[in-house]
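One letter stands for each residue in the lines below.
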Amino acid sequence: MAGGLAAIALACIGAAPTPLGTLTVRVGNVRNDKGIMHIDICPEPYFLKDDCPYVANAPARAGMTIVVAHNIPAGRYAVQAFHDENSNKKVDRALFGIPKEGVGFSNDAPIRLSPPKWAAAVFAFNGADQTIALNMRYFLGASGPAAK
């Protein structure tokens with residue numbers, strides 16, 4: 001009988017739910033209070049695409065905007081963010097695809113004539129509450145004020 005109880009206990013442990021946590025993203029260098037700050041929290045197959053499974057928004061605040069995403073399972077992710085100044089739910093682009101609105105990536109992954117690489121933006125999220133920071137980059141128009 002004791003062996004049966006041990007097997008049931010092990011089965012219950014193996015069936016434990018994946019921890020879900022809160023990811024807080026501190027977005028610096030936001031140039032104005034217009035529109036919203038949008039973040040996508042992407043596993044590798046979704047990085048740089050429009051269908052990341054975890055998203056969050058917050059009203060834009062000049063300087064620093066804090067965006068909070070709840071119920072994120074443990075995993076390896078990259079955050080891609082954009083300052084949707086006109087609230088049309090997309091990154092507006094100019095000639096040659098240059099973003100007209102601010103964009104940013106976790107780890108402030110570099111943008112060099114192309115979007116950043118997954119390896120530069122990836123971070124581990126253990127399912128507990130966690131905070132990361134990134135900065136908006138504006139390629140057209142004014143840049144934002146320094147984050148405090």
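Look up a bit, the structure's there.
Along each chain, residue indices are assigned from 1 in the same order as the chain's sequence is written. Since the coordinates come from a predicted model, pLDDT governs what is reported: local features require at least 70, and pairs of side-chain atoms require 80 or more to be given and counted, while whole-chain, interface and lining totals use all residues. Only hydrogens and water are set aside; all other atoms, that is, all heavy atoms of the structure, feed into the side-chain values.

Participant: Even after reading the chapter, I still don't get the sheet that holds strand β1 (residues 20–30), so can you show me in this structure?
Facilitator: Backbone hydrogen bonds are what pair the strands of a sheet, in a parallel or an antiparallel way. Strand order in the open sheet formed by 3 strands is β4-β1-β8, with mixed pairing between adjacent strands. In this open sheet, the two edge strands, each paired with only one partner strand, are β4 (63–73) and β8 (130–135). For this sheet, the mean inter-axis angle between neighbouring strands, taken without regard to orientation, is 20 degrees. One requirement defines pairing of two strands: DSSP has to find at least two bridges between them. Going along the chain from the N terminus, every DSSP run of H or I of four or more residues is numbered as a helix, and every run of E of two or more is numbered as a strand. Here β1 pairs with β8 via 6 bridges, running parallel. Bridging across to β8, G28 finds its partner in N135. Orientation is described by lines fitted to C-alpha atoms, with helices fitted over the stretch in contact, and by angles between N-to-C directions that extend from 0 to 180 degrees.

Participant: In this structure, what is going on with the environment of A109? I would like to understand it.
Facilitator: Considering the arrangement of structural elements, one finds A109 in the loop between β6 (103–105) and α2 (118–121). When the C-alpha atoms of A109 and L134 are compared, they prove to be 8.8 Å apart, with 25 residues separating the residues in sequence. Ignoring anything within four residues of it in the chain, the contact list for A109 reads P116, A120, A121 and R137. By the convention used here, residues are in contact when the closest approach between their heavy atoms is within 4.5 Å.

Participant: Honestly, the state of the cysteines in this entry has me stumped. Any pointers?
Facilitator: Two cysteines whose sulfur atoms are joined by a covalent bond form what is called a disulfide. Any cysteine sulfur atom paired with another within 2.5 Å is treated as part of a disulfide. Per the stated rule, a full pass over the model turns up 1 disulfide. Between the sulfur atoms of C42 and its disulfide mate C52 the distance is 1.8 Å. With the S-S bond torsion at 90 degrees, the cross-link from C42 to C52 turns out right-handed. Here the residue C42 occupies a position in strand β2 (residues 36–42), and C52 occupies one in the loop between β2 and β3 (54–59), the gap between them amounting to 10 residues.

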